[in-house]
Amino acid sequence: MPGSGLILGIETSCDETAAAVVERGAGTISSVVASQIATHARYGGVVPELASREHLRAIVPVVRAALAGANITLADLDAIAVTSGPGLAGALLVGITYAKALAFANRLPLIAVNHLEGHIHAVLLNQRELKKERESTSSENDPGAGAPSKLRLGKVAQTSTVYSSISAEPGAPGPASGTWDSPNPAPALSLVVSGGHTHLYLAQPTQGTWRYMLAGRTVDDAAGEAYDKVAKLLGLGYPGGPWIDALARFGNPRAVPFSFAQIKTKAHLGGKAPRTKAAKTAPIARLDPHFLFSFSGIKTAVLRYVELHGMRAEAKARVSRLFPRAPTFSESAPADPERLGDHVPRPAIPQTREEALGLCPQPTLDLIASFQHAVVGDLMKKTFSAAESLGAKRILVTGGVAANRELRARFTEEAARRGLAIAFPTLALSTDNAAMIAAAAWPRFLAQEFAPASLSADPSLTLA
Ligand code: KG4
Ligand code: ZN
């Protein structure tokens, strides 16, 4: 049934317009991400209307760049995959409508992919690429092995400088490397931690496809949302994660003792209805309360700390230093699509202690380090106890927050201490991209699970 094995993935669920060509869910041929960060940065968060408009501007050049980067045309594809949810309705619709039109015009099957499953497949794709790299290194010593391929797997084509092209930087192979697709794979406890989600799933591969069981989730804000809100409060750039990640290295993580109270399921059922969209769509009541997260409290605690310690003015001064003036409408909407994502200068994230101290006084760096230490500690505690309670011997951490250095280091250390396998995607595959969507579509392509012509966006689509 597969011909070329090539799937074009399209992702527009939030603030990245992305397209990628992936071969058999196991090799990224090209991957292009046009980020809208510059557009949303000054608002401290994603503005849905601006996101849809930017996707409309970027979708055609991004898909063209992905095809050109793979050195193929639409006729070389086996299928087109697109994120159908969860995400912003208007943003999702841009990708879905374009994918549908391309599939219809080129008589290609269309595959709908859940964005959260995409994040999980980012790890699996990376694991397969690492395995392939190892095998090709060993076969290089054996000239008779392997047939020459038209497309070189594991090598990502370079694209225009306007877009970021996903590089082949190594992930964190850990002890699980190469064992994720073994014939009798054990279930993997998967933490999907991003700007919109903090979910724990038990992922079980069965006969080529993956089944998911929801084990835990946030009852209010996602961890990435807390990063973004705290960064905004402290007058740092958007998205907040990379800023806090960089600055936390220069602060004392034990300076401010933040704590997380145990969440009681009954309080959430009997009390006021949860306000966030994520909380409304979840079957929180049937989950073990030990595996529920809540990140709105720590955001409020940081706010109180800032007010109590007179840090408001300092944060205000910082934001006007980083973003000297509001842009005009025309500035944030360049007419020339070649300049997409390039039109608003982005402030640089401090990398050295001197640069960090040039931006934040030591007590602010201490507050940032303490916030991150507490968030990572809470994610760790619940993930590892869920793994233990569900008997999972391997852990997979993915989503934008999985790019965090402290998170990777502490999770890796704890997994080693407990004798568990652990895997993360590469940094580029942690945040939103389309390679993960094309990879997640491969088992669906083999099972011929195609989307109907009536496919529409489902902003609150769940995985389990
Ligand atoms: O997966 P993603 O790109 O988009 C969603 O599906 O939400 O995740 C974006 C989130 C943002 O909240 C961002 O602040 C966070 O991931 N993030 C990080 C880091 N890089 C991105 N959080 C902590 N540390 C990082 N290095
Ligand atoms: Zn995401």
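Residues numbered from 1 in each chain as written. Chains lettered and ligands numbered in written order. Predicted model: local features only at pLDDT ≥ 70, side-chain atom pairs only at ≥ 80, totals over all residues. Heavy atoms only, no water.

**A short note on the sheet that holds strand E10 (residues 292–293)**
Reading across the sheet, the 6 strands line up as E10-E9-E8-E7-E11-E12 and stay open at both edges, with mixed pairing between neighbours. The open sheet is flanked by E10 and strand E12 (421–423), the only strands paired with a single partner. In this sheet, strand E11 (residues 394–398) lies alongside strand E7 (residues 188–193) in parallel orientation, the contact comprising 5 bridges. Counted as the bridge partner of Leu191 is Val397 from E11. Against the sheet, helix H13 (residues 405–418) engages E7, E11 and E12, with an angle of about 165° to E12. (Pairing = 2+ DSSP bridges. Helix = DSSP H or I, 4+ residues; strand = E, 2+ residues; numbered from the N terminus. Contact = heavy atoms within 4.5 Å. Axes fitted to C-alpha atoms, helices over the stretch in contact; angles between N-to-C directions.)

**A word on the coordination of the zinc ion (ligand 2)**
Around the zinc ion (ligand 2), the protein supplies His115 (NE2), His119 (NE2) and Asp432 (OD) as donor atoms, at distances of 2.0 to 2.1 Å. Coordination at the zinc ion (ligand 2) comes from 4 donor atoms whose angles at the metal span 95 to 140°, giving a geometry best classed as irregular. (Donors = N, O, S within 2.8 Å, 3.2 Å for Na, K, Ca; no water. Tetrahedral: all angles 85-135°; square planar, octahedral: opposite > 155°, others 65-115°.)

**A short note on the packing of helix H12 (residues 362–390) against H13**
Pairs of packed helices are described in terms of their axes, by the angle between the two and the distance that separates them. Where H12 contacts H13, the axes come no closer than 10 Å and their chain directions differ by 35°. Classified by chirality, the crossing of H13 by H12 is right-handed. The segment H12 lies against H13, with Gln372, His373, Val376, Gly377, Leu379, Met380, Thr383, Phe384 and Glu388 engaging Glu406, Leu407, Arg410, Phe411, Glu414, Ala415 and Arg418. (Left-handed = near helix turned anticlockwise from the far one by under 90°.)

**Regarding the site of ligand 1**
Taken together, 20 residues sit near ligand 1, with Gly195, Asp228, Gly241, Asp245 and Asp432 positioned nearest. Here His119 contributes a side-chain N or O atom positioned 3.2 Å from an oxygen atom of ligand 1. Within the contact set of ligand 1, an oxygen atom lies 3.3 Å away from a backbone nitrogen or oxygen of Gly196. A total of 550 Å² of accessible area belongs to ligand 1 in isolation, and the protein chains cover 91% of it. Breaking the shell around ligand 1 down by element, the ones donating at least two residues are helix H4 (115–140), helix H5 (223–233) and helix H6 (240–248). Ranked by residue count, the leading element in the shell around ligand 1 is H6, at 4 residues. For the shell around ligand 1, the residue count by class is 5 nonpolar, 12 polar and 3 charged. (Near = heavy atom within 4 Å. Polar contact = N/O pair within 3.5 Å; in protein donor to acceptor, adjacent residues only side chain to side chain. Areas by Shrake-Rupley, 256 points an atom, 1.4 Å probe, with all protein chains shown as cover. Nonpolar A, V, L, I, M, F, W, Y, C, P; charged D, E, K, R; others polar.)

**Let's talk about helix H2 (residues 48–70)**
One turn of the α-helix equals 3.6 residues, which is why residues spaced by three or four share an orientation. With 23 residues, H2 should cover 33 Å at 1.5 Å per step; its first-to-last C-alpha distance of 31 Å lies within 8% of that length. Along its length, H2 reaches its greatest deviation from straightness, about 45°, at Ala58, and the proline Pro61 lies no more than four positions downstream. Positive backbone phi, at 60°, marks Asn71, one or two positions downstream of H2. (Expected span 1.5 Å × (residues − 1). Bend = angle between axes of the 7 residues up to and from the residue.)

**With respect to the side chain of Ser84**
Relative to the assigned elements, Ser84 resides in strand E4 (residues 79–85). A relative accessible area of 7% means that Ser84 is categorised as buried. In contact with Ser84, other than residues within four places in its own chain, are Leu92, Ile96, Ala112, Val113, Leu455, Ser456, Ala457, Asp458 and Leu461. (Buried < 20%, exposed > 50% of the residue type's maximum accessible area, 1.4 Å probe, protein only.)

**Concerning the pairing of strand E2 (residues 16–23)**
Of all 8 residues in E2, 8 are buried; the element is thus mostly enclosed. Here E2 shows no split at all, with Glu16, Ala18, Ala20 and Val22 on one side and Thr17, Ala19, Val21 and Glu23 on the other all buried. In terms of strand pairing, strand E1 (residues 6–11) meets E2 through 6 bridges, oriented antiparallel. Bridging from a neighbouring strand, Ile7 pairs with Val22 of E2. Between E1 and the antiparallel strand that follows it, E2, lie 4 residues. Bridge analysis of E2 against strand E3 (residues 27–35) gives 8 bridges, and the strand direction is antiparallel. Directly across from Thr17, in E3, lies its bridge partner Ala34. Taken together, E2 and the strand that follows it, E3, pair antiparallel across an intervening segment of 3 residues, in which Arg24 is found at a positive phi of about 50°.

**Some details on the nonpolar core**
Residues Leu236, Val302, Phe371, Leu379, Val397 and Phe411 are the most contacted members of the largest nonpolar core, which totals 59 residues. The dominant element in this core, judged by the number of residues it contributes, is H12, at 13 residues. The residues contacting Phe411, other than those within four sequence positions of it, are Leu191, Val376, Leu379, Met380, Thr383, Phe384, Val397, Ile422 and Phe424. Core analysis: the next-biggest nonpolar cluster, separate from the first, contains 32 residues, Ala19, Ala70, Leu77 and Leu92 among them. (Core = buried A, V, L, I, M, F, W, Y, C linked by side-chain atoms within 4.5 Å.)

**Thoughts on the packing of aromatic side chains**
In this description, an aromatic ring pair is defined by two values, namely the gap between the centres and the angle between the planes. Applying the stated criterion across every chain yields a total of 7 aromatic pairs. Arranged with centres 5.3 Å apart and planes meeting at 75°, the rings of Tyr227 and Phe371 form a pair that is edge-to-face. Of this pair, Tyr227 sits in helix H5 while Phe371 sits in helix H12; the two residues are 144 residues apart in sequence, bridging distant segments of the chain. Neither Tyr227 nor Phe371 differs from the other in exposure class; each is buried. Measuring from centroid to centroid gives 6.1 Å for Phe445 and Phe450, while their planes differ by 50°, and the two rings are tilted. Residue classification places Phe450 among the partly exposed positions, given a relative accessible area of 32%. (Phe/Tyr/Trp six-rings, centres within 6.5 Å; stacked < 30°, edge-to-face > 60°.)

**Here's the deal with the confidence of the model for the chain**
Taken over all residues, the pLDDT of the chain has a mean of 86, while the share at 70 or more is 81%. Predicted confidence is poor over residues 143–178, with pLDDT under 50, and the contacts of this stretch with residues over four places away or in other chains come to 75 contacts. Low pLDDT (under 50) marks residues 267–274, which in the prediction has 8 contacts with non-local residues, meaning those over four places away or in another chain. (pLDDT = per-residue confidence, 0-100.)

**What to know about the pattern of salt bridges**
What the rule picks out here adds up to 14 salt bridges. The closest approach of N and O atoms between Glu314 and Arg318, which form a salt bridge, is 2.7 Å. Here Arg318 and Glu314 lie together in helix H10 (residues 312–322), a separation of 4 residues that amounts to about one turn. With a shortest N-O distance of 2.8 Å, Arg417 and Glu414 are connected by a salt bridge. Here the residue Arg417 and the residue Glu414 both occupy positions in helix H13, the gap between them amounting to 3 residues, near one helical turn. Its relative accessible area of 63% is what places Arg417 among the exposed residues. Residue Glu414 is classed as buried on the basis of its relative accessible area of 13%. (Salt bridge = Lys/Arg side-chain N within 4 Å of Asp/Glu carboxyl O.)

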